[in-house]
Amino acid sequence: FFAEPGDRVEVDEPIAQVETDKVTIDVNSPEAGVIQKLIAKEGDTVEPGTKIAIISKSGEGVTHVAPSDETPEKAPTASPTAEQKKEAAPTKVEAAPVVEKPKASVVPPPSKPAAIEPQLPPKDRERRVPMTRLRKRVATRLKDSQNTFALLTTFNEVDMTNLMKLRSDYKDAFFEKHGVKLGLMSGFVKAAISALQKQPIVNAVIDGDDIIYRDYVDISIAVGTPKGLVVPVLRNAERMNFAEVEKEINTLAKKANDGSISIDEMAGGTFTISNGGVYGSLLSTPIINPPQVRFL
């Protein structure tokens, strides 16, 4: 929640955030007024259409007293009378004397050496942070993919001389004309599109016992954000040129990082590109993003 009871909000002002499996969505106030009560609590799971707060247009709220805040008066306790004490006194029972048998001396068994417990780091040097719904969903999907699909990773060397020269020769003019930098991702996307068009089996998805071939190319681009991994999609990438690819990647990456990306912008996709080189990786073995069949 961005606001508390008693705060005034305007129309369309964000008052809370709802985190889904894929994206974080702002909940805007439908009207101007004063927040009277928060119905939902932070961390609750709510369904679409569920009311999470009450907003009063006039700002006049009704104060409710919780039952736990009311302290009942203590009833006076009467001291027991002498007659009651007499009745409550236990009756003495005389018992016959018991002759104790001599006890045999017991020799205690040799004590075992105490087990040495491992010395763990102190708890004050640890931090426990709950996973977001996005991170839990990504972990579940990737683990399911690992358990279901037959994963195979191959590595090939590619001569990047021409692409590096192209980028070096035209990066300044490209930025002046299009307002975005000419990176390597547009080259990777164009190369992937060419391969997918030449090998349609790679540009396909698995649906039950069927393979669906697609006559279009939607490229998923893996983006690491502070809240977790998201995979926005370049729609109809086969129709894009280098500048359009770079602009769309830049737009989707900004949305992913500020949490404004929509679920529709991450749905579908027939081929995913994950560039681990931005993190300094030399080689990597990504997990397939179902229902896709290939990953770069």
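You'll find the structure just up there.
This one's a predicted model, so the numbers in the text were calculated from it and none came from an experiment.

Enquirer: Explain the overall build of the protein chain to me, please; I cannot follow it from the model alone.
Expert: A count of helices and strands for the protein chain gives 5 helices and 12 strands. Looking at the 296 residues of the protein chain, the share that counts as buried comes to 23%. Contacts in the protein chain between residues at least 24 apart in sequence constitute 57% of all its contacts with a sequence separation of at least 6. Accessible area of the protein chain: about 23,000 Å², with a carbon and sulfur share of 54%.

Enquirer: Which parts of the structure should I look at to understand the sheet that holds strand E1 (residues 8-9)?
Expert: Strands pair in a sheet through their backbones, by hydrogen bonds, and they do so in one of two ways: parallel or antiparallel. The strand order across the open sheet built from 3 strands is E1-E4-E5, with neighbouring strands paired in antiparallel fashion. On the outer flanks of this sheet lie E1 and strand E5 (53-56), each paired with one strand and no other.

Enquirer: Sorry, what's going on with the side chain of Asn203 here?
Expert: Along the chain, Asn203 turns up in the loop between helix H4 (185-198) and strand E6 (204-207). Residue class for Asn203 comes out buried when judged on its relative accessible area of 3%. Looking at Asn203, its side chain comes within polar contact range of the main-chain oxygen of Arg214, at 3.0 Å. Within the structure, the side chain of Asn203 is placed 2.7 Å from the side chain of Thr270, a separation counted as a polar contact.

Enquirer: What's the story with the sheet that holds strand E11 (residues 233-234) in this structure? I'm lost.
Expert: What the 3 strands build is an open sheet, ordered E11-E8-E12; its pairing is mixed. Looking at the sheet topology across the chains shown, the edges are occupied by E11 and strand E12 (271-273). Pairing analysis gives 2 bridges linking strand E8 (residues 219-221) to E11, with the strands arranged antiparallel. Bridged to Ile219 within E11 is Leu234. Contacts from H4 reach E8, E11 and E12 within the one sheet, and its direction differs from that of E12 by about 155°.

Enquirer: What's the story with a negative patch on the surface in this structure? I'm lost.
Expert: Taken together, the side chains of Glu4, Asp7, Glu13 and Glu42 make up a negatively charged region of the molecular surface. Of note, Glu13 is situated in the loop between E1 and strand E2 (14-19). Judged by its relative accessible area of 31%, Glu13 falls in the partly exposed class.

Enquirer: Any chance you could explain a nonpolar patch on the surface here in plain terms?
Expert: Together, Ile201, Ile206, Ile211 and Tyr213 give the surface a local cluster of nonpolar side chains, amounting to about 370 Å² of exposed area. Within the element layout of this structure, Ile206 appears in strand E6. Given a relative accessible area of 38%, Ile206 falls into the partly exposed group.

Enquirer: How should I be thinking about the pattern of salt bridges in this particular structure?
Expert: Pairing of side chains with opposite charge becomes possible as their charged atoms draw close. Inspection of the entire model under this criterion finds 6 salt bridges. Here Arg235 makes a salt bridge to Asp218, at a shortest N to O gap of 3.6 Å. With a gap of 17 residues between them, Arg235 in the loop between E11 and helix H5 (242-258) and Asp218 in the loop between strand E7 (210-213) and E8 connect regions that are remote in the sequence. Looking at Arg235, the relative accessible area reads 33%, which means it is partly exposed. A residue is classified by how much of its surface remains accessible, and Asp218, at 7% relative accessible area, is buried. Between Arg239 and Glu238 there is a salt bridge, with its nearest N and O atoms 3.8 Å apart.

Enquirer: Could you clarify how one ought to interpret helix H3 (residues 161-178) in this entry?
Expert: With 18 residues, H3 ought to run about 26 Å at 1.5 Å a step, and its terminal C-alpha atoms sit 24 Å apart, in line with that. The sharpest bend along H3 measures roughly 55° and falls at Tyr170. Just downstream of H3, Gly179 is the residue with a positive phi angle, here 80°.

About the criteria used
- Residues numbered from 1 in each chain as written.
- Predicted model: local features only at pLDDT ≥ 70, side-chain atom pairs only at ≥ 80, totals over all residues.
- Heavy atoms only, no water.
- Helix = DSSP H or I, 4+ residues; strand = E, 2+ residues; numbered from the N terminus.
- Buried < 20%, exposed > 50% of the residue type's maximum accessible area, 1.4 Å probe, protein only.
- Contact = heavy atoms within 4.5 Å.
- Areas by Shrake-Rupley, 256 points an atom, 1.4 Å probe, with all protein chains shown as cover.
- Pairing = 2+ DSSP bridges.
- Polar contact = N/O pair within 3.5 Å; in protein donor to acceptor, adjacent residues only side chain to side chain.
- Axes fitted to C-alpha atoms, helices over the stretch in contact; angles between N-to-C directions.
- Patch = residues over 30% accessible without salt bridge, like charges linked within 9 Å, V, L, I, M, F, W, Y side chains within 5 Å.
- Salt bridge = Lys/Arg side-chain N within 4 Å of Asp/Glu carboxyl O.
- Lys, Arg positive; Asp, Glu negative; His and termini not counted.
- Charge placed at Lys NZ, Arg CZ, Asp CG, Glu CD.
- Expected span 1.5 Å × (residues − 1).
- Bend = angle between axes of the 7 residues up to and from the residue.

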